[in-house]
Each structure stands twice: as structure tokens, then as C-alpha cells.
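# Structural overview
Residue-level listing of the chains:
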Amino acid sequence: MIKAVIISLVLTLGLGVSASNAQSKDVYVDDSGIMRWGDSKKEVQGFGVNYTVPFAHAYRSAEKLGVDKKEAIDNDVYHFARLGFDAYRVHVWDTEISDSLGNLLANDHLDLFDYMVKKMKDRGMRMLITPIAFWDNGWPEPGEDTPGFSNKYGKNACLTSEDAIAAQENYLFQFLNHTNPYTGLAYKHDPAVVAFEISNEPHHRQEADSVTRYIKKMVASMRKTGCEKPIFYNISHSIHLVNAYFDAGIQGGTFQWYPTGLGAGEELEGNFLPNVDLYEIPFAENSKFKKAAKVVYEFDAADVGRSYIYPAMARSFRTAGIQWATHFAYDPTYLAYANTEYNTHYMNLAYTPQKALSLKLAGEVFHRVPVYKDYGAYPVNAQFDGFRVSYEEDLAELVSEDKFIYTNTTQSVPMEPSKLKEVAGFGNSRLVKYEGAGAYFLDQIEKGVWRLEVMPDAVWVEDPFGKNSLNRKLSEISWGEWPMTIDLPDLGADFSLTPLNAGNSWKPRVDAQQFMIRPGTYLMTRSGVKTKLRGDEQWKNIVLNEFSAPMSTLEKQYVLHEPAREIALGSSHQIMATVLAPAQPDRVEVTAYIGWRPKTYVMEHTGYSYTYIAEIPAEDLKTGFFRYFITVKGREGIRSYPGEIAGGPGDWDFDASNAFTVKVLSNDSPVYLFNALTDNDQLSRKWSPQSSVVPLAEPGKAEIRIWVDKLVEVDDENPNGEQVADYSMRYAFKEKVSGRVPAMEGKKELIITGRSLTDKPTVVQLALVAADGKAYGAMLAIGSKLADYRLSLDELREVKMVTLPRPYPSFLPYYFEGASTVAFDIRKAEVLQISIGPGIEEVKKPVGLGIVSVRLE
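Residues numbered from 1 in each chain as written. Predicted model: local features only at pLDDT ≥ 70, side-chain atom pairs only at ≥ 80, totals over all residues. Heavy atoms only, no water.

## Brief notes about the overall build of the protein
- Broken down by element type, the protein carries 14 helices and 52 strands.
- Whereas a compact globule of 857 residues would reach a radius of gyration of roughly 29 Å, the protein reaches 28 Å, a difference of no more than 12%.
- The C-alpha extent of the protein, read off along each of the three principal axes, is 85 × 80 × 50 Å.
- Partitioning the contacts of the protein with sequence separation of at least 6, the portion at a separation of at least 24 is 72%.
- With an accessible surface of roughly 33,000 Å², the protein has 49% of that area assigned to carbon and sulfur atoms. (Helix = DSSP H or I, 4+ residues; strand = E, 2+ residues; numbered from the N terminus. Rg over C-alpha atoms; globule rule 2.2 N^0.38 Å. Contact = heavy atoms within 4.5 Å. Areas by Shrake-Rupley, 256 points an atom, 1.4 Å probe, with all protein chains shown as cover.)

Structure representation (C-alpha cells):
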């Protein structure tokens, strides 16, 4: 790891408030429920991350890996500055820094936390601190026998046991009074601490008066310290107790949002912009709630690896009146290669550059979009106040007068390039062409002088959302050397680059605005402009010559390729692969077996990092199985894939038995949208212990057996909420049928092969959902006999799209109501929605459905 330069910043954001009068000048909540700065009376706006190096798995892993934890914090906090984060939140692992009586323990965990807070404060970040987590310190490993009260009592007893409550009162009093040795301030007085949230996700199950009494005790112990900062409480769980919460003397409520559920175990496919269209709070009109401040302590589009979604989430938060939001959770860079801390989340500038840029854009949304402003429904709201999000392009971007930020290659035209002060991106744009696979940042320092920062390449070599381990790399870092072209009016056609960061001696020659670049930080100077900058000057909340990135981890060659399942006869077929190697290959080829004769096609480099493409002509694709290998020739010799076989298919002794294999089917063949045998794991649905997938006697077939005890269930977190009589399932088939899209147009029927698992027919709604969130479906009765049950596509009518996977908190809308006016087009369908509920009157009786497949004919 290259260490970020350690700096002590002169803060200019109003943080230098003395301890004696800090609480009177910090933050207050006005009568309309808006947090405001005490001095300027302006609205508080904060956006950032949760980050946990001082505690639990992150701490233990640093110990195992021999990582200097303070240096790791320095490096990651520098990245926070580059991403524009100005907010931080964490649920402190009280179990590691307290004893069973709630006494605060002076140990390495607390020291690291104090150090981290100071480093964040130096960068201008503010904090919302949650002193009580209730957790043990285990996840994802088994917990340790820690000394704290949470370990002794557990969450439920902490909410009811008088001894446990007394320990929490003692702990909160001591925590707020604790003086951070790195700042010299107690947390109750530190102006960088905006507010406190008492505890993390209490999930109350008691009566209202008991809940109010508990919270009042916590508030009293905190106020007894003299702290006047706003105190928040989690109100997104057990929402029927909302009045009990506000009767306890809190100033605000905290929320979470996981719109794609949690723990899918793999990357989710499809468009999830409908899932983040609206953050609807059921008790928004509650008079007490209206006077309370609103923050989001955790959010993420879990198991989504794409970059388009975070600004849309931020927009929905602002529409709901949210002032502060912190993503959960930023991976410490030393752990990001393995993503072990929370495998359903993945966020790090070095390892997830496009997602990190998306989070940077979400921060811009929080600082530009007014609270309560409504932008309509998706897809109308995909463009708002200079922002644009696009599932189809996997792109989020901001185009404003002074900033141009994008998460992927974009064709958008900057408003006035001559007025730009900041450009940040990934891929290509009208101003920057870059072949590498890392993020880059361009900042105008003075007229004719810009700072360029280029991160190394990051390539995911495995799905990062699976069962992860410190012993397995999910992503590789490569310090490539790539061409870059920069066309900024302020730099002109002739400029020079000077390396700034320690250890960087690369000084590329610029020819017609193009140059070869390596990771690092550079000063770009227009020809004829003289500057006195040396690189050690402070600029905003960084120093010009700072740079931090993991060193290259790439030690072996990879060919990353997922063959199409089926392709259409009569059409050409494109084969794409990522070829990642310590040295650039000399040649990449596809060798296919046309009949039994091998034929070779050259794979061309696309101009984007490690991507190669070959086009297979239609005349070479015959009905049957198309079999091929990808062969890489280079410094490592000749290797063929799959199997990393030494040599190539032309060798006399080459074993060709394990080729990539694709079905080539005529257009009149059925298009299978779902197959229980191969697609069960990707079927999003509510888990049920009675449901299963079993093989059938007929070879190559299986049946998913779905049992639903009752279609209507009371939600423990929202017992007074609307109960929807529905059990829906979602399967994204876009990639599965990508090679058969032309064949879909001529199909007439939607056919489900299945049966009712009871002696009575089961009514099922089958629907096809397009990328814009419009769903078209119809109902049919499935009998007890395993058979084909058919719907004419002409019968399909617009139906409700269910937001699946189901989100947290559970009170969020069950159905998506969009604004698309586009007519149904079978070629645009991407998702199969299977619903048990519509058309069923006896909603409290058990229902069973067996599904073998769903196809178009």
C-alpha cells in the first residue's frame, strides 16, 4: 500500500469551535424538522459512509494480515476526501469497549476509533455516532467472549432488564464524556459530531409505555453530560411505536434502506431503478414526526454490482425529507480484495471504482437537490437537476456548469467545458479518453494548472457477493500503462505532466493531447503557464502530492468469459472476453469446431483495458452445438480456455473435450425464460422452509415446489400496515436469452410447465416485466397434473410490478407505480414475474405450486 501523506489541515468549515460553547453553536432542529447549523442557520446536508476498521472483523483481519491499522485509516480517509464524503456514521461495538456494568474500557479499539475520528475531522467530515450496537463482534466469523454488557445480556434483555438498562445508562454517560486524546475534546463537545443515535436497530417488541420509558432513560443519561446535540432513535423498525419514540424526548428519527434485500449470495441482474423510485414513509403525516429531523444511517443496493443506482436512491431520500445519509459499508482497502466484512455489500474506490463514483454522485445529489422536491416516477425521474441515471448504459452522471462526473463511458456533452473546475470518471467522455479500468480525477488548481489522479485497474475475477474468504481473491489490481487523451479548454492543445506523489518518476510525453499514463498523481500545466506549485501545498482538504492505492496483485493470467446459453440460427454471434495477464498478450484467438474442423478467429482488443471481441459469421453457425476455445499467446506461452490448457486446439494432442458450448437453435424453437434445474438459485422469492427443488425422473428436469401457508401475514415491524395477499417470484432472464432476442418477436404463447401441489387448481399470474418497470401479465389456473398451461400473449394486460427482492424496511411499497407510456414490446421484456395471490379469494389457506419451466412458443 502506498501511504497517503499525513497532514494537519487548517479547517475552514466551521469546525474550530471551543469546547466551552460548542453545544450552543453546533446543530439544532427547527420546528419544521430540519437540522440547521447553529451559526449560519443553513440546512445541514451530509453524505458519506459507515466504516469499521477499529472493530470486529475488520480489526481482527488487519491483525491477521499484518496491516498497520492507523495507516490503513489514513489511506481510506484520503479516499473519502477524493469522493467528496462529508459524513460518517458507525454503530460502535460497545461489546469491545465496555464491561458488563457499562464502564468504558481504554483499549486499542477505542484508541483507533478516536484516531479515526480525528483523521476524518481533519478532512472536514462530520459524524453521527451510534454508541450502542447490541451486536457481538463476530460477523462473519463466530463472536468472541467480549467483556461488554451486550455480550452478557443480548439485545432483547438490553431493552427490558433493569440491570442491562443501568449498564447502558452508565456507558452512554461515560462515552459522551470521553475525551478524544487526538482532538482534546469530549464527544459531547466536539463540533464535528453532529448528533448521536442512541442504539442500532433495537427492534422493540414491548408495549409503548415500556419503550418510551427505556428511551427516556437513555436520553436522560446523555443529557446529564451537558450534551445539547440532537439525539436520534431508530424509527424504521416497529413503526407502530412511532409515537412512543417521540414521546421520549428525541429530536429525530433514523432510517435504513436496502431496496434489493440482503444476502442474495450472488450478483443480482436486472434494472433496479423501479425499486428505488420512492422512499415512502407511512407515518409522514404524523405531527410529531413532522417536527423531527430525518437521517438515513445505513443504505445500499445490496448485491448490485452496477454503477447507475446510488444517485437515484439519493434523489428519493431528498424527496422524503432526508438530510443525511451514510452508505453501508465502505470496505477497508486491505479487505476489499476478498470482500469478507459484509459480502452482500461491496464498496471501495480502488476495487469498485464505478460504484464509488456513483456514491460520489449521490453525495452531489444531497448537496444540490432540495428536500421534499418531487421529480415524478421512473422513468421520468431518471433525469433531474443535471443528473442522469441509466440502467441500459450502466451510467450515472452529473453535467453542471462546473462539474462533469460519470461512472461509465458517456456521450453527454458538458455544458461549458471552459468553465469546468472538476472532472471525475471511468471510461471515455467528450473530454477524456482512457483505456484503463480505474477511476480518474481532474481538478483545476489555478488557471491553466490541473491536478490529475489516476487509480490502478480493478478487475473482478469472481462474483464478489458470494461466500467469501480471506484466502480467496475476488478482484485483482493491476498497475497498467494506458493511453489517455484530455481535451480541456483551460489546458489547451499543448500541456505537460509532472509526477507529484512519492516514488512516481513517470513523466509522459504529450502528443496532440494524448499520452501514456500510469497510476499516480500529476500536475498538468498549460504551455506558457508558470506556476510556483511544488506539490506539497494544501488544496481544499488534501495535499496536492497525496496518493494512495494498493499495489498490483496480479500474478497469473485470467480469461473471464461467460458463454451464451443459446444463440439464434441465421445471426452472427459476438464472443467477448476479459483477458487479464501480468503482460499484455501478443494475440488472442477463438478456435471453434465447425463440424470437426477447427477454425480460428482473431479476437480484437476493443480499446477498453482488457476486453477482446471476435465476431462469428452467421454462415459458420449451424443448428446444433457451437464449441470453441479461447487461446492466449504471450509471455506466459500459449494457454487455452476453459481449463487453462497448455497449447492450442491446433496441437495434435490437445484435449478438446471441455470446450465452451453454446446451443444454436432455429427461430421456431421455444425460448425458455426459466428452467427450474438451472435457474432456481437466481429466482428471487421469500424464503420458506417448506419449499424445495427436486429432480424429476425425466433426465435434465427439476421441479421447484413452492408452499405458502397463507398469503396474508402480519409484518412484525409494521403490524398496522396494509397486508397484501400475494407471494411473488422474480427471475431476470435478459442474459439467459440474449442470443435469442430476434426469435422472441414471433412467439405467440407464454407457457408454464407445472402443477398445483394440492388437489385443487392454483391460480397463478404470469407477467413479463420490461426494463422501464411496466409489467404485462394474465392469470391462469394450474391443475394438479404436471402439464403445459398456456397463455396467449394477446391476453397479457398491464399488471402491477412487485418490488423484488423485498426491501428493508418492510414498510416500503409492495408495488411499483411507474410513469412509462411505452407500449409492450416482447423484445424489451427482461424479467419473469410469477405471482400467487391475484385471483385467489381464500387467502388464509395453504397454496402449493410446482414449476418446471416457463417458455415462449
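Still to come is the rest of the account.
## Remarks on the sheet that holds strand 14 (residues 387-390)
- With respect to topology, nine strands assemble into an open sheet ordered 13-14-15-16-17-19-20-26-24, the strand pairing being mixed. The open sheet has two edge strands with one neighbour each: strand 13 (383-384) and strand 24 (495-499).
- As defined by bridge partners, strand 16 (residues 403-406) adjoins strand 17 (residues 422-425) across three bridges and the pair is classed as parallel. When the bridges of strand 17 are listed, Lys-403 appears paired with Glu-422. (Pairing = 2+ DSSP bridges.)

## What to know about the sheet that holds strand 46 (residues 775-782)
- Pairing in this open sheet of five strands is antiparallel, and the strands run 43-51-45-46-48 from one edge to the other. Looking at the sheet topology across the chains shown, the edges are occupied by strand 43 (727-732) and strand 48 (797-799). Taking each pair of neighbouring strands and ignoring which way they run, the sheet shows an average axis angle of 35°.
- Note: strand 43 against strand 51 (residues 829-836), six bridges, orientation antiparallel. The partner of Arg-730 across the bridge, within strand 51, is Gln-833. (Axes fitted to C-alpha atoms, helices over the stretch in contact; angles between N-to-C directions.)

## Considering the environment of Leu-500
- The residue Leu-500 is located in the loop between strand 24 and strand 25 (514-517) in this model.
- For Leu-500, a relative accessible area of 14% translates into the label buried. (Buried < 20%, exposed > 50% of the residue type's maximum accessible area, 1.4 Å probe, protein only.)

## What about the nonpolar core?
- The biggest cluster of nonpolar side chains holds 147 residues, and the ones touching the most others in it are Phe-113, Phe-175, Ile-215, Phe-255 and Phe-299.
- Counting residues in hydrophobic clusters, the runner-up holds 42 residues, among them Val-671, Ile-752, Ile-840 and Ile-851. (Core = buried A, V, L, I, M, F, W, Y, C linked by side-chain atoms within 4.5 Å.)

## Comments concerning the side chain of Ser-199
- Summarising the element assignment, Ser-199 is placed in the loop between strand 8 (193-197) and helix 8 (208-223).
- Looking at Ser-199, the relative accessible area reads 0%, which means it is buried.

## Side note on the pairing of strand 37 (residues 637-641)
- Bridging between strand 36 (residues 624-634) and strand 37 involves five bridges; their strand directions are antiparallel. By the bridge assignment for strand 37, Ile-630 is matched with Tyr-641.
- Connecting strand 36 to the antiparallel partner strand 37 that follows it, the hairpin turn spans two residues.
- Between strand 37 and strand 38 (residues 645-646), which follow one another and run antiparallel, lie three residues, and Gly-643 among them has a positive phi close to 100°.

## Concerning helix 5 (residues 108-122)
- Spanning 15 residues, helix 5 covers 21 Å between terminal C-alpha atoms, matching the ideal 21 Å at 1.5 Å per step.
- Among the 15 residues in helix 5, 13 count as buried, and that is most of the element.
- Structurally, the start of helix 5 carries an N-cap: the backbone nitrogen of His-109 is 3.2 Å from a side-chain oxygen of Asn-107.
- Gly-124 sits one or two positions beyond helix 5 and adopts a positive phi of about 90°. (Expected span 1.5 Å × (residues − 1). Polar contact = N/O pair within 3.5 Å; in protein donor to acceptor, adjacent residues only side chain to side chain.)

## With respect to the packing of aromatic side chains
- Throughout the structure, instances matching the rule amount to 49 aromatic pairs.
- Residues Tyr-346 and Trp-460 carry aromatic rings whose centres are separated by 5.4 Å and whose planes lie at 45° to one another, so their mutual orientation is tilted. In this pair, Tyr-346 sits in the loop between strand 12 (324-327) and helix 12 (353-368) while Trp-460 sits in strand 21 (residues 457-460), placing the two residues 114 residues apart along the sequence.
- In this arrangement the basic side chain of Arg-518 is found over the ring face of Trp-506, its NZ or CZ atom lying 3.7 Å from the centre.
- Directly above the aromatic system of Tyr-593 lies the positively charged group of Arg-627, at a separation of 5.3 Å from the ring centroid. (Phe/Tyr/Trp six-rings, centres within 6.5 Å; stacked < 30°, edge-to-face > 60°. Lys NZ or Arg CZ within 6 Å of the ring centre and 35° of its normal.)

## Re helix 2 (residues 56-65)
- For helix 2, the tally of buried residues reaches seven of 10 residues, placing the bulk of the element in the interior.
- Within the span of helix 2, buried status applies to Ala-56, His-57, Ala-58, Tyr-59, Arg-60, Ser-61 and Ala-62.
- Elements in contact with the buried residues of helix 2: helix 3 (69-82), helix 4 (94-97) and helix 5.
- Looking one or two residues beyond helix 2, the residue adopting positive phi is Gly-66, at roughly 70°.

## So, the environment of Ala-186
- Mapping Ala-186 onto the fold places it in strand 7 (residues 185-186).
- Overall, Ala-186 belongs to the buried group, its relative accessible area being 7%.
- Ignoring sequence-local partners within four residues, the contact set of Ala-186 consists of Leu-176, Asn-177, His-178 and Thr-179.

## Let's talk about the packing of helix 7 (residues 162-177) against helix 8
- Helix 8 packs onto helix 7 with a crossing angle of 30° between their chain directions and a minimal axis gap of 8 Å. Looking at the two axes, helix 7 sits roughly parallel to helix 8. Crossing of helix 7 over helix 8 shows right-handed handedness. Here Glu-162, Ile-165, Gln-168, Glu-169, Leu-172, Phe-173 and Leu-176 of helix 7 come into contact with helix 8, specifically with Tyr-214, Lys-217, Met-218, Ser-221 and Met-222.
- Among the residues making up the contact of helix 7 with helix 8, the classes are represented as seven nonpolar, two polar and three charged. (Parallel < 35°, antiparallel > 145°, perpendicular 65-115°, else oblique. Left-handed = near helix turned anticlockwise from the far one by under 90°. Nonpolar A, V, L, I, M, F, W, Y, C, P; charged D, E, K, R; others polar.)

## Re the pattern of salt bridges
- Applying the stated criterion across every chain yields a total of 55 salt bridges.
- Glu-162 serves as the salt-bridge partner of Lys-217, at 3.2 Å between the closest nitrogen and oxygen. Note that Lys-217 is positioned in helix 8 and Glu-162 in helix 7, a separation of 55 residues in sequence.
- As a salt-bridge pair, Arg-740 and Glu-566 come within 3.1 Å of each other at their nearest N and O atoms. Of the two residues, Arg-740 is situated in the loop between strand 43 and helix 14 (741-744) and Glu-566 in strand 30 (residues 566-568); the sequence distance between them amounts to 174 residues. Taken individually, Arg-740 and Glu-566 each receive the classification buried, so the pair is uniform in this respect.
- A single salt-bridge network, built from bridges that share partners, covers Lys-360, Glu-364, Arg-368, Asp-402, Lys-403 and Glu-422. (Salt bridge = Lys/Arg side-chain N within 4 Å of Asp/Glu carboxyl O.)

## Focus on empty space enclosed by the protein
- This structure, assessed with the given rule, holds two cavities of 30 Å³ or more.
- The space that makes up the largest cavity amounts to roughly 120 Å³.
- Around the largest cavity, the lining is made up of 14 residues, and of these Asn-271, Arg-730, Val-769, Met-801 and Val-831 lie nearest the centre.
- Contributing elements (two or more residues each) for the lining of the largest cavity: strand 45 (762-770), strand 49 (801-802) and strand 51.
- Considering each element in turn, the lining of the largest cavity owes the most residues, three residues, to strand 51.
- Partitioned by chemical class, the residues of the lining of the largest cavity number eight nonpolar, four polar and two charged. (1 Å grid on protein atoms, 1.4 Å probe; cavity = no way out; pocket = protein on both sides within 12 Å on 5 of 7 lines; lining within 4 Å. Points joined across faces, edges and corners; volume = space filled by probe spheres on them.)

## Thoughts on the side chain of Ser-478
- Mapped onto the elements of the fold, Ser-478 is located in strand 22 (residues 475-478).
- Judged by relative accessible area, which is 10%, Ser-478 ranks as buried.
- Engagement of the side chain of Ser-478 in a polar contact is seen with the side chain of Tyr-610, the distance being 3.2 Å.

## Topic: the pairing of strand 22
- Burial of strand 22 is two-sided: the residues Ser-475 and Ile-477 facing one way and the residues Glu-476 and Ser-478 facing the other way are all buried.
- Summarising the sheet, strand 21 and strand 22 pair through four bridges and their orientation is antiparallel. Directly across from Trp-460, in strand 22, lies its bridge partner Ser-475.

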